[in-house]
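What the coordinates show
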Amino acid sequence: PPTPPRGRISREAEARLAETGLWGLMVPQQHGGTGCRFGDFVRGVTQLVRANPTVAGLLSVHSTIGAVSALTGFGTADQQNRWLSRLAAGRPLSVFAATEPDAGCDLGRVQCRLERDGDRLLLSGTKMFITGATHGRLVKLLALLEATPTIVLVELPATDTPAFRLHRYALHPLRHTHNTALEFHRFPVDPADLLEPTAAASGLQRDGMAIVWHGLNRGRVTLAAQAAGTIGLLTAQAAAFARQRQTWGEPIIRRELVLGRLGRM
C-alpha cells in the first residue's frame, strides 16, 4: 500500500500535478480542460484516493464545491473566459467558503457581508474551517449583498494584508491539507466576479443559494467516492498487516475471524 504523505501538498507538487491535466478534468475542453463526464470523474476520484487521499480531496473541492462547477453552471461567457483556463492549470486552485462562527450547516445564519463602495464591493466577515484554503486560492464565497444570499469569486492575496488574514487550526484529521479561517475586513472585491443564478423554469426568483446547492449536490457524490476509495486503501493496508502479523506460527490472515472482518470491509 502507498505510504501517506507526511506534510501538506507543496506548491511544487500542485504544479507538477497540473502538468498531467488533473486540475482541469471537469473544465470544458474549449477552456483548456478535459471536459470529462461527471460519472467518469467520480470513478477517477475513487481510484486517486488509493494513491493519495489529500490530492483526491483537493481535486474534489476544486471541481465540485469550488469554482469550476459554479462557473460552468452559472458563469457568464466573460467570467468563464477569465477564470476557467486558469483553473484548469491549477493557477489558482479553488475552494468553497460558507461556514461561519454561528453558521455551520444552517446557512441561513450567514453574516458575512458585501457592501457597495463606488465601483467596487467590500467584503467583511469570517469563514471558518475552509478545506484547502491558503494564500492565492480562488474562493467561491457565500455572503449577503443587500440582505440577499450571493456568491462571489474572491482571489486571495499572496500574503496577509490589513484587509485579509488566514487563521490556522491544528486539525489532526486534515493535517495533510490546509484548513483555515478566512478573515476579511472591507476587502475589495470586483463586482464582475458576482455569480448570478439562472432563472428558474417556474419563474420564481432565485438567489445565490441555488449555486450553493448545485455545488454541494456534486460534492456529496464525490465525498462518497472518496469514502469508497478510502475503504479500499484501508482494506489493502489491513490485509498487508494481516500477512505480516503472526500468532502461533502462522500469519493471522489465515484466521477465520480476520478473514471475516476483511471480507466485511
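This report concerns the structure included in the present document. None of the values given here were measured: they were computed from a predicted structure.

Tallying each qualifying case throughout the model produces five aromatic pairs. With a centroid separation of 6.4 Å and 20° between ring planes, the pair formed by Phe 38 and Phe 41 is classed as stacked. Here the residue Phe 38 and the residue Phe 41 both occupy positions in helix α2 (residues 38–51), the gap between them amounting to three residues, near one helical turn. By relative accessible area, which is 2% here, Phe 41 ends up buried. With a centroid separation of 5.2 Å and an interplanar angle of 40°, the aromatic rings of Phe 164 and Phe 184 are classed as tilted. In this pair, Phe 164 is assigned in strand β6 (residues 164–168) and Phe 184 in strand β7 (residues 179–189), connecting sequence segments 20 residues apart. Three or more aromatic residues joined by ring pairs make a cluster, and in this case those are Phe 164, Phe 184 and Phe 187. Between the NZ or CZ atom of Lys 140 and the centre of the ring of Phe 96, over which it lies, the distance is 4.6 Å.

With the rule as written, the count across this model stands at 13 salt bridges. A salt bridge links Arg 254 to Glu 250; the shortest N-O distance between them is 3.7 Å. A salt bridge links Glu 250 to Arg 255; its shortest N-O distance comes to 2.9 Å. According to the relative accessible area criterion, Glu 250 is partly exposed, its value standing at 23%. When its relative accessible area of 25% is taken as the criterion, Arg 255 is described as partly exposed. It is possible to trace a salt-bridge network through shared partners that takes in Arg 37, Asp 40 and Arg 43.

All right, on to the side chain of Thr 180 then. Along the chain, Thr 180 falls in strand β7. A distance of 3.2 Å separates a polar side-chain atom of Thr 180 from the backbone oxygen of Ala 133. Residues in contact with Thr 180, not counting those within four places in the same chain, are Lys 127, Met 128, Phe 129, Ile 130, Ala 133, Leu 166, His 167, Arg 168 and Tyr 169.

This part covers unusual backbone geometry. With an omega dihedral of 15°, the bond running from Arg 91 to Pro 92 counts as a cis peptide bond. Looking at the element boundaries, Pro 92 is found in the loop between α5 (77–88) and β1 (94–97). The phi dihedral of Arg 186 falls on the positive side, at around 55°, and the residue is not glycine. Take Arg 186: it is sitting in strand β7. On the accessibility criterion, Arg 186 (41% relative accessible area) is partly exposed.

The rules behind these values
- Residues numbered from 1 in each chain as written.
- Predicted model: local features only at pLDDT ≥ 70, side-chain atom pairs only at ≥ 80, totals over all residues.
- Heavy atoms only, no water.
- Phe/Tyr/Trp six-rings, centres within 6.5 Å; stacked < 30°, edge-to-face > 60°.
- Helix = DSSP H or I, 4+ residues; strand = E, 2+ residues; numbered from the N terminus.
- Buried < 20%, exposed > 50% of the residue type's maximum accessible area, 1.4 Å probe, protein only.
- Lys NZ or Arg CZ within 6 Å of the ring centre and 35° of its normal.
- Salt bridge = Lys/Arg side-chain N within 4 Å of Asp/Glu carboxyl O.
- Polar contact = N/O pair within 3.5 Å; in protein donor to acceptor, adjacent residues only side chain to side chain.
- Contact = heavy atoms within 4.5 Å.

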